Amino acid sequence: MKIDNTLPLEYQTEENSNRIFGFWIFLGAEIVLFSTLFAVYFTLWTRSGTGPSAAEIFQIKPVLLETFLLLTSSFTCGLAIHAMRLGMKKPFMTFMAITLLLGLGFLGIEIYEFVTYVHEGATLQTSAFLSSLFVLLGTHGAHVTMGLLWGSGIMIQTQREGFTHDTANKSFIFSLYWHFLDVVWIFIFSFVYLKGLM
């Protein structure tokens, strides 16, 4: 295995570089998925039928809190990767734990939001608008849930093995995924919630 010590740990082997490149291709497919969901939502968002409209069910406070939690988690994720590159295991583990806790908080608020919608009679079957909203938000939420499980697994492996080419590569790829979810949320916040409240 050829190792290039001039590169960051996660890039030092050819296999690791290929994994990162492959993950960028995967993110390209994810962009297509979310673009399709946004296109469906923008087509249907005015079709609320007899159900509530966006302005009637959206509340700005929980959405602002969700946004704060996810943006902060993206920052702490970046700090975790910086700590990894410096070979600092304890700060890495701390920042990863904070990232996952913030993600968990985001998910908790989103679930609470869904439950509130359902209690107000806004369900998946109520209207085309609500079905497209639930699918878009639910898909993003499912990705966050996957990220929480994935990040936990990386923390366990890093705790056992320390920083290796393998654990560094997995951690870096996880950070790409987490930042991607953050970017998707910025679009949801701007073009779903803010637009719906106007």
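All values derive from a computational prediction rather than experimental measurement.

A.B. asks: Which residues make up the side chain of Ser-132, and what are the values?
C.D. replies: Inspection of the secondary structure puts Ser-132 in helix 5 (residues 128–161). Since its relative accessible area comes to 6%, Ser-132 is described here as buried. A distance of 2.8 Å separates a polar atom in the side chain of Ser-132 from the backbone oxygen of Phe-129. Once residues lying within four places of it in the same chain are set aside, the contact partners of Ser-132 are Val-40, Tyr-41 and Leu-44.

A.B. asks: Describe the pattern of salt bridges, and please don't skip the residues or the numbers.
C.D. replies: Taken as a whole, this structure holds two salt bridges when the rule is applied. Residue Arg-19 pairs with Asp-166 through a salt bridge whose shortest N-O separation is 3.0 Å. Of the two residues, Arg-19 sits in helix 1 (residues 14–44) while Asp-166 sits in helix 6 (residues 165–197), which places them 147 residues apart along the sequence. Taking relative accessible area as the criterion, Asp-166 reaches 24% and is therefore assigned partly exposed. With a closest N to O distance of 3.4 Å, Asp-166 and Lys-170 form a salt bridge. Of this pair, Asp-166 and Lys-170 are both found in helix 6, four residues apart, which corresponds to roughly one turn of the helix. The class for Lys-170 is partly exposed, based on a relative accessible area of 30%. Because the salt bridges share partners, they merge into one network encompassing Arg-19, Asp-166 and Lys-170.

A.B. asks: I'd like to hear about helix 4 (residues 89–119), residue by residue, with values.
C.D. replies: If you check helix 4, its first and last C-alpha atoms are 45 Å apart, about what 31 residues at 1.5 Å a residue would give, namely 45 Å. Backbone geometry just downstream of helix 4 places Gly-121 in the positive-phi region, at approximately 85 degrees.

A.B. asks: Describe the packing of aromatic side chains, and please don't skip the residues or the numbers.
C.D. replies: All told, the structure shown has 20 aromatic pairs when counted by the stated rule. Here Phe-92 and Phe-163 contribute two aromatic rings whose centre-to-centre distance is 5.3 Å and whose plane-to-plane angle is 85 degrees, an arrangement assigned as edge-to-face. Here Phe-92, found in helix 4, pairs with Phe-163, found in the loop between helix 5 and helix 6; they are 71 residues apart in sequence, far enough to count as distant.

A.B. asks: Describe in detail the nonpolar core, supporting the description with residues and values.
C.D. replies: Residues Phe-58, Leu-133, Trp-185 and Ile-188 are the most contacted members of the largest nonpolar core, which totals 53 residues. In terms of residue count, the dominant contributor to this core is helix 6 (15 residues). Aside from chain neighbours lying at most four places away, what touches Phe-58 is Tyr-41, Tyr-117, Phe-129, Leu-133, Val-192, Tyr-193, Gly-196 and Leu-197.

The rules behind the values
Residues numbered from 1 in each chain as written. Predicted model: local features only at pLDDT ≥ 70, side-chain atom pairs only at ≥ 80, totals over all residues. Heavy atoms only, no water. Helix = DSSP H or I, 4+ residues; strand = E, 2+ residues; numbered from the N terminus. Buried < 20%, exposed > 50% of the residue type's maximum accessible area, 1.4 Å probe, protein only. Polar contact = N/O pair within 3.5 Å; in protein donor to acceptor, adjacent residues only side chain to side chain. Contact = heavy atoms within 4.5 Å. Salt bridge = Lys/Arg side-chain N within 4 Å of Asp/Glu carboxyl O. Expected span 1.5 Å × (residues − 1). Phe/Tyr/Trp six-rings, centres within 6.5 Å; stacked < 30°, edge-to-face > 60°. Core = buried A, V, L, I, M, F, W, Y, C linked by side-chain atoms within 4.5 Å.

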